[in-house]
Amino acid sequence: MAGRINDDDVKAVRDAVPIDAVVSEYLQLRNAGGGNLKGLCPFHDEKSPSFQVSPSKGLFHCFGCQEGGDTIAFVMKIDHLQFSEVVERLAAKAGITLRYEEGGYNPSHQRGERIRLVEAHKAAAQFYVEQLDGPEAEIGRKFLAARGFDQAAAAHFGVGYSPAGWDHLTRYLRGKGFSDKELIASGISQDGRRGPIDRFRGRLMWPISDTAGDIVGFGARKLRDDDNGPKYLNTPETAIYKKSQVLYGIDLAKKDIAKASRAVVVEGYTDVMACHLAGITTAIATCGTAFGGDHIKILRRLLMDNGSARVIFTFDGDAAGQKAALRAFEDDQKFAAETYIAIAPDNMDPCDLRLAKGDEAVRDLVEPRTPLFEFALRQIVGRYDLETPAGRAAALDEAAPVVAKIKTGSVQREVAVQLAGFVGILDQEYVVHRVNQLAQWARGRGDQRGHARSSSRADTKRQQIQAPTGPSGPALNLRSPAHRTERELLKLALQRPALVSPAFDAYGMDEFTAPPYAAVRQCIAEVGGAELGVAETREYLVQVLDATPNETVRKLVTELAVEVFHGKSIDEAYAGEHLVKVRLRAVDRRIDDVQGSLARLGSNVAPDHLAAAQNEVWVLQQYAQSLRNSGADAL
């Protein structure tokens, strides 16, 4: 059996795959200064970016949730993979052949589960594409042509065809070395009476990719009347496919979504194709499920929630479309982006609209017109008889709580005024007051729950801060001048080791008064000191991370390795200043300790001990004075 991946190959993978390129596959990054990049953290919800990436060091760190690490750690966390699976995946992208310590080249059956399932989907997608050219697939080609899609369009979106037989694809993938267990686990095949059979048969096939571009599932469209299955059949939930966490077309649209700060949400695969071919390259669609919270997280990371971000929904104007729009509005406040709804004439979807009126009509459709909140309120109010006082009161009762969910006060008031107009209530201030009362009541409940959560988080945070191994001492307090200086010195040792080496390597753990910082200092010492990072900072940081005793210390190392410096000029003078401050405080503490011991002993101290202690104090005082007078030259 193959053993662990060769360490040199792991290093080669880390060096060959830039962390910013990998992270950018999942979220939009912007300049954060100091050579760092920032974005919205993919591991927790946040309104402003606290997630930072340091390309030069190959590290990321979130200052909100404290997640951090290198490229491999990022992919492990975001895609829920094992270490070896990530290395294999990144190595494949970089064209690096991995070696294994106890068995040479890794045979395919020993690959990680996710990699095998993705490879199976890739092979299946290619199989389906090839079948689209065959005689049996003529019905599929006619379907595409009738909707305005030629061969080039089908190729661009990877559209294919699944043969009508029972096990054509299953036998093909077996020939490629995939086991029956893998084919069942992938969702490509399903159990039959005599073994695995193809899940998709006689259908038009769309590959569904994740944000990174890996094919993780398929959408299959019914073509024949004798097919008793649903109109659209999707891959079942698998280890790599979660329908609530994928968006069709996101792999093609993500760069333009980030660039334009705009996303267009449509309802189907052909609608995505129609929009892209019409020039709306920010179009995406859900895959057999409602647009929900996980989809919002994907888009928020790409949109970066800047003030000009727009999300346009193109739901149909029928009852189902109205229901979908109302459901989307329930999650509207999770966006910082402005949300709109676009409904085509005669309730046509983008695909039908393109056929009937051309590309320009599709482009015109998705220009923001009706805010989603306005559409949602009109749908609510429209269910009541507004000619009667009872009807107006009932409409207000249902609509006011919806408006109260709007978080921005000025926007909430403006929408409340509009609601009064929709309902037909002349006293606008009454409606505004009603909405404001509901909002305050909701906030009051939220504050109580939030206080409990905050207390719990604070307790957890305190436990984490005190968890690292190290000498006893005061807990970490960033308001403490001593702790701020120690933090800055550790940042220098991790990010700019050449500025503090070799002096830093002579500093003991006891010179760092916060136990977490002492733990980081110990990790640096265990790998050979800051001097090791002078030649190769990235590999040095990897070794420091490997030396961390627990996850808490590891997160602190990544935090310090990407955090910006407080000084304007990070040079030898700046480094010397912090080296001196940390050493001087340590010397002063030692003087206080010795003098305190002598004071407690009083006349009971032995003469030789007293002389030794007094001599130590005198030497330390001279050293302290030298540090104050000469600075770093006295180190």
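Residues numbered from 1 in each chain as written. Predicted model: local features only at pLDDT ≥ 70, side-chain atom pairs only at ≥ 80, totals over all residues. Heavy atoms only, no water.

**A few points about the pairing of strand β10 (residues 215-222)**
Here is step 1: With seven of eight residues buried, β10 lies mostly within the body of the structure.
Here is step 2: Note: strand β9 (residues 203-209) against β10, seven bridges, orientation antiparallel. Within β10, the residue paired with S209 across the bridge is I215.
Here is step 3: Hairpin connection from β9 to β10: five residues lie between these consecutive antiparallel strands, with G213 at a positive phi of about 95 degrees.
Here is step 4: Where β10 and strand β11 (residues 232-234) come together, three bridges link them in antiparallel fashion. (Buried < 20%, exposed > 50% of the residue type's maximum accessible area, 1.4 Å probe, protein only. Helix = DSSP H or I, 4+ residues; strand = E, 2+ residues; numbered from the N terminus. Pairing = 2+ DSSP bridges.)

**So, the sheet that holds β11**
Here is step 1: Spatial ordering of the open sheet is given by β6-β9-β10-β11, a layout of four strands whose pairing is antiparallel. The sheet is open, and its two edges are formed by β6 (160-162) and β11, each paired on a single side. Going across the sheet, the axis of each strand differs from the next one's by a mean of 35 degrees, ignoring polarity.
Here is step 2: Against the sheet, helix α5 (residues 113-131) contacts β6, β9 and β10, and its axis sits at roughly 35 degrees relative to β10. (Axes fitted to C-alpha atoms, helices over the stretch in contact; angles between N-to-C directions. Contact = heavy atoms within 4.5 Å.)

**What to know about the pairing of β9**
Here is step 1: The buried fraction of β9 is high, at seven of seven residues.
Here is step 2: Both β6 and β9 contribute to a ladder of three bridges, which runs antiparallel. Note on β9: the bridge partner recorded for S162 is R203.

**As for the confidence of the model for the protein**
Here is step 1: In this model, the protein carries a mean pLDDT of 85, and residues with pLDDT of at least 70 account for 89%.
Here is step 2: Across residues 104-110 the pLDDT falls below 50, and counting only partners more than four positions away or on other chains, this stretch makes 13 contacts in the model.
Here is step 3: Low confidence marks residues 449-474, where pLDDT is under 50. Its contacts with residues over four positions away, or in another chain, come to 27 contacts. (pLDDT = per-residue confidence, 0-100.)

**What to know about unusual backbone geometry**
Trans is the common state for peptide bonds, and a negative phi is the common state for residues other than glycine.
Here is step 1: Residues S501 and P502 are joined by a peptide bond in cis, for which omega reads 5 degrees.
Here is step 2: Inspection of the secondary structure puts P502 in the loop between α21 (497-500) and α22 (515-526).
Here is step 3: For S261, which is not glycine, the phi dihedral falls at a positive 55 degrees.
Here is step 4: Here S261 shows up in the loop between α10 (250-260) and β12 (262-266).
Here is step 5: According to the relative accessible area criterion, S261 is buried, its value standing at 7%.

**Some details on the nonpolar core**
Here is step 1: Among the nonpolar cores identified, the biggest contains 44 residues, and L144, V159, L204, W206, Y248 and M273 are the most heavily contacted of them.
Here is step 2: When residues in this core are grouped by element, the largest group, five residues, is from helix α11 (residues 269-277).
Here is step 3: Not counting chain neighbours up to four residues away, the residues in contact with W206 comprise F143, L144, V159, G217, F218, G219, R221, Y232, Y248, Y269, T270 and M273. (Core = buried A, V, L, I, M, F, W, Y, C linked by side-chain atoms within 4.5 Å.)

**Remarks on the environment of R487**
Here is step 1: Take R487: it is sitting in helix α20 (residues 481-495).
Here is step 2: Judged by its relative accessible area of 6%, R487 falls in the buried class.
Here is step 3: A distance of 2.8 Å separates a polar atom in the side chain of R487 from a polar atom in the side chain of E563. (Polar contact = N/O pair within 3.5 Å; in protein donor to acceptor, adjacent residues only side chain to side chain.)

**Topic: the pattern of salt bridges**
Here is step 1: Taken as a whole and assessed by the stated rule, the structure comprises 29 salt bridges.
Here is step 2: One salt bridge in this structure joins D70 and R14, with 2.6 Å as the shortest N-O distance. Here D70, found in strand β5 (residues 68-70), pairs with R14, found in helix α1 (residues 7-16); they are 56 residues apart in sequence, far enough to count as distant. Taken individually, D70 and R14 each receive the classification buried, so the pair is uniform in this respect.
Here is step 3: As a salt-bridge pair, E511 and R583 come within 2.7 Å of each other at their nearest N and O atoms. Taken together, the residues E511 in the loop between α21 and α22 and R583 in helix α25 (residues 572-601) connect sequence positions 72 residues apart. (Salt bridge = Lys/Arg side-chain N within 4 Å of Asp/Glu carboxyl O.)

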